[in-house]
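Examining the three-dimensional arrangement
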Amino acid sequence: MVNQTVKMIIIFFLMGWALIGCSEKSTTQGSVEEGKNREKLTAVATVGMIADIVANIGKEHVEVTSLMGPGVDPHLYKATQGDIGKLDKADIIFYNGLNLEGKMGDIFVRMANQKPTIAVSEKIDPAILREPPEFQGHYDPHIWFNVKLWMQAAERVKEGLIEADAAHKEDYEQNAAAYLKKLEELDAYAKEQIASIPEASRVLVTAHDAFGYFGDAYGIKVMGLQGISTDAEYGLKDVQNLVNVLVNQRIKAVFIESSVSPKAIEAVVQGAREKGHEVKIGGELFSDAMGEAGTVEGTYIGMVRHNIDSIVAALK
């Protein structure tokens, strides 16, 4: 009887150790899985152009989400509760700055107290930024249309990723170098292609003045019906002034934008027609947002090349 009791105690003792071992193994496996999940840095970018930089430099080490998709106007965008949740969960946040995401300013201030929250434009020398008088003393935020400036934004993204994840510094530096080389090639392509348009025809007319940096960098006059922000109002006089330019300079084409209603440009085309000058819609340009994910235009380089090719085909 005593021997039987001892045997029972030993059996229960061994079963207890087995259960503890399973528990510890399960906990360890869980920790490993969590560690694997934490290997990827979680980044949130406001606009697609910035998310594309992060994806190209971060590659397998970063999971990036863009708050604003194709066709979304960042000037008018208001963050949703879902956006706030994504920002709260992110390890690092990237935004353009220069008042592009004007309605989200307070959110960035709050987030900056909790985690790295980086304006990709913050290290660009203000002396080389555009400061149109009609934009109430603010800088033009559309820096991605000068590829050289966008290269500086890419450098800032690289620095931010390294600050947040120093373990993968070498990879980020290598990825950035490869991406910057592609941007150098894009900049050269833009210069070559725009120079192929007859000088008198180098006039780019769009819905709003998003292409000022593009015009300055690549030698084409840019005219927008609205100001720098789509928040700006335009009136009949603005339409008439633009119509007169088209008629007097015999401009062949104007362009609509993917993130702006085409009605304003259609009014300009109609006004020119009434004065005996036919102007065509030269195509749709991507200004404040890229194309659909999975398409060529859904990347920064693809978007810029699309714009260049559309402009040249219509004006040459």
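Before any of the text, the structure's been laid out above.
Residues numbered from 1 in each chain as written. Predicted model: local features only at pLDDT ≥ 70, side-chain atom pairs only at ≥ 80, totals over all residues. Heavy atoms only, no water.

**A closer look at the packing of aromatic side chains**
To be explicit about the condition: Pairing of aromatic rings covers Phe, Tyr and Trp, the last counted by its six-membered ring, and requires centre-to-centre distances within 6.5 Å; plane angles under 30 degrees mean stacked, over 60 mean edge-to-face, and any other angle means tilted. Here a strand is any run of E in DSSP of at least two residues, a helix any run of H or I of at least four, and the numbering for each starts at the N terminus. The cut-offs for exposure are 20% and 50% of the maximum accessible area for each residue type, with area from a 1.4 Å probe on protein chains only; residues under the lower value are buried, those over the upper are exposed, and the others partly exposed. Criterion for a charge above a ring: Lys NZ or Arg CZ within 6 Å of the ring centre, and within 35 degrees of the ring normal.
Within the structure shown, the criterion is met by seven aromatic pairs. Judged by centre distance (5.8 Å) and plane angle (35°), the ring pair of Trp150 and Tyr300 falls under tilted. Residue Trp150 is found in helix α5 (residues 147-164), and its partner Tyr300 is found in helix α10 (residues 300-315); the two are separated by 150 residues along the sequence. Each of the two residues, Trp150 as well as Tyr300, counts as buried. Ring centres 6.4 Å apart and planes at 85° place the aromatic pair Phe211 and Phe214 in the edge-to-face group. Phe214 carries the same exposure label as Phe211, and that label is buried. Three or more aromatic residues link up through ring pairs in this structure, and these residues are Trp144, Phe145, Trp150, Phe211, Phe214, Tyr218 and Tyr300. The ring of Tyr213 has Arg130 lying over it, and the distance from NZ or CZ to the ring centre is 5.9 Å. The residue whose ring lies beneath Arg305 is Tyr189, and the NZ or CZ to ring-centre distance is 3.9 Å.

**Thoughts on the side chain of Asn96**
Selection criterion: Contacts described as polar in this section are N or O atom pairs within 3.5 Å, which, within protein, must combine one atom able to donate a hydrogen with one able to accept it, while residues neighboring in sequence count only if both atoms come from side chains. We call two residues in contact whenever any of their non-hydrogen atoms come within 4.5 Å of each other.
Within the secondary structure, Asn96 is located in the loop between β3 (92-95) and α4 (105-112). By relative accessible area, Asn96 is classed as buried at 0%. One polar contact links the side chain of Asn96 to the main-chain carbonyl oxygen of Pro141, over a distance of 3.1 Å. Each residue touching Asn96, except ones within four places of it in the same chain, is listed here: Thr46, Ile50, Glu101, Ala119, Val120, Ser121, Pro141, Ile143, Trp144 and Trp150.

**What about the environment of Val268?**
Locating Val268 in the fold gives a position in helix α9 (residues 263-274). Residue class for Val268 comes out buried when judged on its relative accessible area of 0%. Sequence separation between Val268 and Val279 is eleven residues; the distance between their C-alpha atoms is 8.9 Å. Every residue in contact with Val268, bar those within four places of it in the chain, is listed here: Leu225, Val239, Leu242, Val243 and Leu246.

**Examining the pattern of salt bridges**
Applied cut-off: Salt bridge, as used here: a side-chain nitrogen of Lys or Arg that lies within 4 Å of a carboxyl oxygen of Asp or Glu.
Counted under the stated rule, the structure contains eleven salt bridges. Between Asp88 and Arg110 there is a salt bridge, and its shortest N-O distance comes to 4.0 Å. One end of the pair, Asp88, is in helix α3 (residues 81-89); the other, Arg110, is in helix α4, with 22 residues separating them in the sequence. When salt bridges that share partners are traced, they join Glu122, Lys123, Arg156, Glu159 and Glu163 into one network.

**Brief notes about the pairing of strand β1 (residues 41-45)**
The cut-off we apply is this: When the strands point away from the viewer, a crossover counts as right-handed if the path from the first strand over the helix to the second runs clockwise.
Within β1, four of the five residues are buried, which leaves the element mostly enclosed by the surrounding structure. One crossover worth recording links β1 to the parallel strand β2 (residues 62-66) by way of helix α2 (residues 48-58), and it is right-handed.

**Some details on the side chain of Asn307**
Summarising the element assignment, Asn307 is placed in helix α10. Excluding residues within four positions of it along the chain, Asn307 makes contact with Phe145, Phe211, Leu285 and Phe286.

**Structural notes on α9**
Worth spelling out the cut-off: Expected span of a helix, by definition, is 1.5 Å for each gap between consecutive residues, and there is one gap fewer than residues. Comment: arc refers to directions from the helix axis out to C-beta atoms.
When the terminal C-alpha atoms of α9 are compared, their 17 Å separation across twelve residues agrees well with the 16 Å that a helix rising 1.5 Å per residue should span. Along α9, the positions that sit buried rather than exposed are Ala264, Ile265, Val268, Val269, Gly271 and Ala272. Down the axis of α9, the buried set is contained in an arc of 160°. They therefore lie on one face. The outward face of α9, more than 90 degrees from its buried face, is lined by the exposed residues Lys263 and Glu274. At the C-terminal side of α9, Gly276 shows a positive phi close to 85°.

**Some details on the environment of Ala51**
In this structure, Ala51 sits in helix α2. Taking relative accessible area as the criterion, Ala51 reaches 10% and is therefore assigned buried. C-alpha of Ala51 to C-alpha of Ser66: the two residues are 15 residues apart in sequence and 5.7 Å apart in space. If near-sequence neighbours (up to four positions away) are discounted, Ala51 is found in contact with Ala45, Val64 and Ser66.

**A look at the pairing of β2**
The line we're drawing: Following DSSP output, two strands are said to pair if at least two bridges run between them.
Where β1 and β2 come together, five bridges link them in parallel fashion. From the neighbouring strand, Ala43 faces β2, where its bridge partner is Val64.

Keep in mind these numbers describe shape, not what the thing actually does.
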